Amino acid sequence: DAKTTQPPSMDCAEGRAANLPCNHSTISGNEYVYWYRQIHSQGPQYIIHGLKNNETNEMASLIITEDRKSSTLILPHATLRDTAVYYCIVRPPIQGAQKLVFGQGTRLTINP
Amino acid sequence: KAGVTQTPRYLIKTRGQQVTLSCSPISGHRSVSWYQQTPGQGLQFLFEYFSETQRNKGNFPGRFSGRQFSNSRSEMNVSTLELGDSALYLCASSPGQGAFVETQYFGPGTRLLVL
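Residues numbered from 1 in each chain as written. Chains lettered and ligands numbered in written order. Predicted model: local features only at pLDDT ≥ 70, side-chain atom pairs only at ≥ 80, totals over all residues. Heavy atoms only, no water.

### Describing the environment of Arg 63 of chain B
Residue and element names in this part refer to chain B.
Thought 1: Its place among the elements puts Arg 63 in the loop between strand E6 (53-57) and strand E7 (64-68).
Thought 2: When its relative accessible area of 17% is taken as the criterion, Arg 63 is described as buried.
Thought 3: Sequence separation between Arg 63 and Val 32 is 31 residues, and the spatial gap between their C-alpha atoms is 19 Å.
Thought 4: Look past the residues within four positions of Arg 63 in its chain and what remains in contact with it is Asn 77, Val 78, Ser 79, Thr 80, Leu 81, Glu 82 and Asp 85.
Thought 5: Only 3.1 Å separates the side chain of Arg 63 from the backbone oxygen of Thr 80, close enough to count as a polar contact.
Thought 6: For Arg 63, the side chain forms a polar contact with the side chain of Asp 85, separated by 2.8 Å. (Helix = DSSP H or I, 4+ residues; strand = E, 2+ residues; numbered from the N terminus. Buried < 20%, exposed > 50% of the residue type's maximum accessible area, 1.4 Å probe, protein only. Contact = heavy atoms within 4.5 Å. Polar contact = N/O pair within 3.5 Å; in protein donor to acceptor, adjacent residues only side chain to side chain.)

Right, here's the structure in full:
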């Protein structure tokens, strides 16, 4: 599985956009980029995923660079409830193998 | 739809005992995966079940086992508990419709403390 690199921690002011980077320079052409977050001691929550195009849903936007070597998760108007560990995961399209490989993630703290 | 449910939510056991954890997937989901989360090792994949068959397994000793029932509910069992088995055990389900990459949805977890 392609390795991902994320900053260990980030801070963001409440109401501002939180931009979380992820480096995946060894990603293959058919591997997906997935983002999950985990609020303290809860189960990870799915946020968004993409392959090549930028994606947006009600929670966040995912921007993938043209060479696909990095991506950015954007929380447009961060709230205190967005304080969590955010995981960027690269997933190969292997049918019948749905395991997720988690790294250390980015601990995002939203400050009032 | 109701989300993934796990029971019990908290459990205290002593070394040498065994434990069984239960997971009910999202209605209609056929694939269930289990993960262990500890402060030292982070989130690690244990195994995945689909159609009552284990089709993927992580790097854990044989003390860790699981099964899936015909209604897609799953259980995992840990025998001869060790102190290091203290962890948050997470269950995740996905549709199991044959897509190469399916989104997994996690339950709240079972926190196991081994004394």
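That was the structure; now back to the text.
### Focus: the side chain of Ser 72 of chain B
Thought 1: Residue position: Ser 72 of chain B is located in the loop between E7 and strand E8 (74-78).
Thought 2: Those residues in contact with Ser 72 of chain B that sit more than four places away from it in its chain are Pro 25, His 29, Arg 30 and Val 32 of chain B.

### Some thoughts on the sheet that holds strand E1 (residues 5-7) of chain B
Residue and element names in this part refer to chain B.
Thought 1: Ordered in space as E1-E3-E8-E7, the four strands form an open sheet in which the pairing is antiparallel. Both outer strands of the open sheet, E1 and E7, are each paired with one neighbouring strand and no more. Adjacent strand axes in the sheet meet at a mean angle of 20°, parallel and antiparallel pairs treated alike.
Thought 2: Pairing of E1 with strand E3 (residues 19-24) involves three bridges; the strand directions are antiparallel. Residue pairing for E3: Gln 6 is matched across the bridge by Cys 23. (Pairing = 2+ DSSP bridges. Axes fitted to C-alpha atoms, helices over the stretch in contact; angles between N-to-C directions.)

### A look at the state of the cysteines
Thought 1: If you walk through the whole model with that rule in mind, you get two disulfides over all chains.
Thought 2: Two residues, Cys 22 of chain A and Cys 88 of chain A, share a disulfide whose sulfurs are 2.1 Å apart. The disulfide joining Cys 22 of chain A to Cys 88 of chain A has a torsion of about -80° about its S-S bond and is therefore left-handed. Placement of the pair is Cys 22 of chain A in strand E2 (residues 18-23) and Cys 88 of chain A in strand E8 (residues 84-91), with a sequence separation of 66 residues. For the pair formed by Cys 22 of chain A and Cys 88 of chain A, the shared burial category is buried.
Thought 3: Two residues share a disulfide in this structure: Cys 23 of chain B and Cys 91 of chain B, whose sulfurs sit 1.8 Å from each other. (Disulfide = S-S within 2.5 Å.)

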